[in-house]
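Commentary on secondary and tertiary structure
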Amino acid sequence: MRHALTIPPYGDLADPAALVEVAVAAERAGWDAVFLWDHVLRRPDDPQETADPWVAMAAIAVATEQIRIGPMVTPITRRRPIKLARETTTLDHLSGGRLTLGLGLGVDTTRELSAFGEIVDPRERGRRLDEGAELLCAFWSGDEVDFHGDHFVADHVTVLPRPVQRPRIPLWFAARGGARKPVRRAARYDGLYPIEVDDAVLVEMLDVVREERGSLDGFDVIVRPEDAAQYRRFEERGVTWAITGPAPGDSGVLELASSAPADVFGVAAQG
């Protein structure tokens, strides 16, 4: 099992220098990744100061050498695929091939879609996610792309350079609850990030992945264990990443990042 911190870049952590400090501390303490939330608005009771995660990830990439970085997660529905292709490729080169791209439908709980006239309907957002991911992978290939979809267009263009990672930057997809379509989408790529699920739902999700892929070999599953016992159960079921992190505005983030992952997850005694 590998270990990641997921950091909300809000409040005091809207300062990119503070995010870099957290990432450097995490690398020194043995964490495998630092992922940043990607939202543009927060709930009224959350800190309202917000950093751009993409600019912050560039700073983290320069300041670190080993940890993976990435957004967990970014919604394609409010992104342009060509801009996302340029940003991700640049970050992959800047980090020496350490970027993991987390993608999802996005949420409108803080009006971060509706307040800016973005698409709210979840079915349409799902279709845009499927189409956008396909186009993004085509851009990363370095081949000429002639793509005319229902939502995005690329008219005979070639996007260079290619990312450092081959065959491409890993793509993880978020999924909530018992819906099977998001899990099948994830199974076509590199990883599944189940959000707010219990043991039973996770088992169902992994069964769907196995149905689609034949096995979990070469596939990442990212979860947030609640305790050491759940950590061990998840590990036995094929989970590859344990993730944890503070809520927006929580203090003690630097202390968390400076702690050994085994101590944070309470599994030091078992290794």
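The structure reproduced in this document is the subject of the present report. (Residues numbered from 1 in each chain as written. Predicted model: local features only at pLDDT ≥ 70, side-chain atom pairs only at ≥ 80, totals over all residues. Heavy atoms only, no water.)

Observations regarding the overall build of the chain
Operational definition: The helix count covers DSSP runs of H or I at least four residues long, the strand count covers runs of E at least two residues long, and both are numbered beginning at the N terminus. Throughout, the radius of gyration refers to the C-alpha atoms, and the reference size of a globule is 2.2 Å times the residue count to the power 0.38. Partly exposed describes any residue whose relative accessible area lies between the buried limit of under 20% and the exposed limit of over 50%, with all areas from a 1.4 Å probe on protein chains only and scaled to the type maximum. In what follows, a contact means two residues having at least one pair of non-hydrogen atoms within 4.5 Å. Only the protein chains shown count as covering a residue, and every accessible area follows the Shrake-Rupley method with a 1.4 Å probe. For the charge count, each Lys or Arg is scored as positive and each Asp or Glu as negative, with His and the chain ends excluded. Charged groups are reduced to one reference atom each: NZ for lysine, CZ for arginine, CG for aspartic acid, CD for glutamic acid.
Summing up its helical and strand segments, the chain has nine helices and 11 strands in all. Relative to a compact globule of 271 residues, whose C-alpha radius of gyration would be 18 Å, the chain shows 18 Å and is just as compact. Its C-alpha atoms give the chain principal-axis dimensions of about 55 × 40 × 35 Å. A total of 271 residues make up the chain; the buried ones form 52% of that total. Pairs at least 24 apart in sequence give 66% of the contacts found in the chain among residues at least 6 apart. Put simply, the chain shows about 12400 Å² of open surface, and 48% of that area lies on carbon and sulfur atoms. Measuring between centres, the 31 positive side-chain charges of the chain sit 4 Å from its 43 negative side-chain charges.

Overview of the side chain of Glu27
How we decide: We define a salt bridge as a contact between a side-chain nitrogen of Lys or Arg and a carboxyl oxygen of Asp or Glu at a distance within 4 Å. Under this definition, polar contacts are N or O atom pairs within 3.5 Å; protein pairs additionally need one hydrogen-donor-capable and one acceptor-capable atom, and for neighbouring residues in sequence, both atoms have to be side-chain atoms.
Along the polypeptide, Glu27 turns up in helix 1 (residues 16-29). Buried and unpaired, Glu27 has no salt bridge, with Arg98 as the nearest side chain of opposite charge at 4.6 Å. Among the polar contacts made by the side chain of Glu27, one reaches the main-chain amide nitrogen of Gln66 at a distance of 2.5 Å. Residues in contact with Glu27, not counting those within four places in the same chain, are Thr64, Glu65, Gln66 and Ile67.

With respect to the pattern of salt bridges
Close approach of charged atoms allows side chains with opposite charge to pair. All chains considered together, the criterion is met by 16 salt bridges. Ionic pairing is found between Asp220 and Arg2, a salt bridge with its closest N-O pair at 3.9 Å. In this pair, Asp220 is assigned in strand 10 (residues 220-223) and Arg2 in strand 1 (residues 2-7), connecting sequence segments 218 residues apart. Ionic pairing is found between Arg210 and Asp207, a salt bridge with its closest N-O pair at 3.5 Å. In this pair, Arg210 and Asp207 both sit in helix 6 (residues 199-213), three residues apart, roughly one turn of the helix.

Read these as spatial facts, not as claims about activity.
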